[in-house]
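# Notes for the structure review
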Amino acid sequence: MTASLTPATTQRPCRLNDVKGWFPSLDQVLFHYFLSRQERLDARGDLMELGVFMGKSAIFTAGFLREGERFTVCDLFDGPAPDERNAAEARKSYPTLTRLAFEQNYLAFHDTLPDVIQGPTSVVPAHVEPDSCRFVHVDASHLYEHVAGDIDTARMALVPDGLVVLDDYRSEHTPGVAAATWEAVFNRGLRPVCLSTQKLYGTWGDPEPLQEALLADEEWRRGTHLSRQEIAGRRVLRFSGRPEVPAAPVSRFADEAPSGRGGPALAAPNGTPRRPSRAHRLAADLLPPALTRAIRRHRR
């Protein structure tokens, strides 16, 4: 879906961290690791995010979309909720969320919008084919019955070795997410790969190859703390810390950022720059020469 920027209704994001949302550096590093690994192994499949808020994690994830792949996002935005409890949750937690705000943020970093489903996540199976996704991020409602349904949707959509990421699995204000998450682990075959402070990364395939890869690669773990846990006889890795994010998408408004806020472009797994999109090229053309040279040195 192609769209153009409309007159701004929110502050234009000059960098990813200008986009409102909850996407800590630790999870950015883990997303980068898993999505880069899928790319290195040529794992094919689409990407999906259930619950996008203002678009922070969706913008990051879209940097790993390859030709021929589809990125589907779903959110109520400012539309009607399917039931009163969900409506009350939306009024309390997301009173300022609009689809326009999401789209403006997203288009600051990417040329085209993802496939946007505006509505409850229960409608997603009608739009997404089974066994079509390699990576699904679930960050929508915090109500148990909705989260349980979202986990079922993720399982339906994922290829056998695909990865699901469940947000807020342990936050004190989201017991419904915790209940649905651990129910899936103990009763519905979900196998945790690793845990961060905020998210559970899991698969319905074999988690051990992913865990062995995480343990073998010390470079990506700089700035993190690792502990090994065991849950019901199965190994689970737990990561904490605030590592430096290796790369981030470039905003077309990067030239408007105060000094020191630009950040490097999103790089391919082998360390070479990704082929820049039109938005990235536009941002690069507008950058001061000194900053452009600094970014090029970083990419080398």
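Every chain begins its residue count from 1, and numbering advances along the sequence as written. This being a predicted model, a pLDDT of at least 70 is required before a residue's local features are given, and a value of 80 or more before pairs of side-chain atoms are given or counted; all residues contribute to the totals for chains, interfaces and linings. Side-chain metrics in this entry use all non-hydrogen atoms of the structure; hydrogen atoms and water are not considered.

### Re the packing of aromatic side chains
Ring geometry is summarised as follows: Phe, Tyr and Trp rings, the Trp one being its six-membered ring, pair when their centres sit within 6.5 Å, and such pairs are stacked at plane angles under 30 degrees, edge-to-face over 60 and tilted between the two. Enumeration over the complete set of coordinates arrives at 14 aromatic pairs. Ring geometry for Phe31 and Tyr201: centres 6.2 Å apart, planes at 85°, overall edge-to-face. Here the residue Phe31 occupies a position in helix H1 (residues 25-40), and Tyr201 occupies one in strand S7 (residues 199-203), the gap between them amounting to 170 residues. Tyr201 shares its class with Phe31; the two are buried. An angle of 45° between the planes, with centres 6.0 Å apart, marks the rings of Phe60 and Phe64 as tilted. Each residue gets one of three labels from its accessible area relative to the maximum for its type: buried under 20%, exposed over 50%, partly exposed in between, using a 1.4 Å probe on protein chains only. Owing to a relative accessible area of 0%, Phe60 belongs among the buried residues under this scheme. In this structure Phe64 comes out as buried when scored by relative accessible area, which is 1%. Three or more aromatic residues joined by ring pairs make a cluster, and in this case those are Phe23, Phe31, Tyr33, Phe34, Phe60, Phe64, Phe135, Tyr201, Trp220 and Phe239. Only DSSP runs of H or I covering at least 4 residues are called helices, and only runs of E covering at least 2 are called strands; the numbering of each starts at the N terminus.

### Observations concerning the pairing of strand S5 (residues 158-167)
Judged by how many residues are buried, S5 sits mostly within the fold: seven of ten residues are covered. Strands were regarded as paired on the criterion that DSSP finds at least two bridges between them. Across five bridges, the pairing between strand S4 (residues 133-138) and S5 is parallel. Each residue of the ladder has a partner; that of Val138, found in S5, is Leu166. Seen with its strands pointing away from the viewer, a crossover is right-handed if its path from the first strand over the helix to the second goes clockwise. Of the crossover connections in this fold, the one passing from S4 over helix H5 (residues 144-157) to the parallel S5 is right-handed. In terms of strand pairing, S5 meets S7 through four bridges, oriented antiparallel. The partner of Val164 across the bridge, within S7, is Gly202.

### Let's talk about the side chain of Ser251
Turning to its location among the elements, Ser251 is positioned in the loop between strand S9 (234-241) and helix H8 (278-286). Look at Ser251 and you get buried, because its relative accessible area is 1%. Polar contact criterion, stated in full: a pair of N or O atoms within 3.5 Å, where within protein one must be able to donate a hydrogen and the other to accept it, and residues adjacent in sequence count only if both atoms are side-chain atoms. Side-chain polar atoms of Ser251 contact the backbone oxygen of Pro13, separated by 2.6 Å.

### Quick look at the packing of H1 against helix H7 (residues 208-216)
Close contact between H1 and H7 brings their axes to 12 Å; oriented N to C, the two are set at 115°. Comparing the axis directions of H1 and H7 gives the class roughly perpendicular. As for the relative orientation of H1 and H7, their crossing is right-handed in sense. Note on element contacts: H7 touches H1 through Pro209, Leu210, Ala213 and Leu214, opposite Tyr33, Phe34 and Arg37. Three classes are used, and their members are as follows: Ala, Val, Leu, Ile, Met, Phe, Trp, Tyr, Cys and Pro are nonpolar, Asp, Glu, Lys and Arg are charged, and the others, Gly among them, are polar. For the contact of H1 with H7, the residue count by class is six nonpolar, no polar and one charged. Angles shown run from 0 to 180 degrees and are taken between the N-to-C directions of axes, each axis being a line fitted to C-alpha atoms and, for helices, limited to the stretch in contact. The scheme is simple: roughly parallel for angles under 35 degrees, roughly antiparallel for over 145, roughly perpendicular for 65 to 115, oblique for anything else. Crossings are assigned a handedness: left-handed for a near helix turned anticlockwise from the far helix by less than a right angle, right-handed for a clockwise turn. Contact between two residues is taken to exist if any of their heavy atoms lie within 4.5 Å; hydrogens are not considered.

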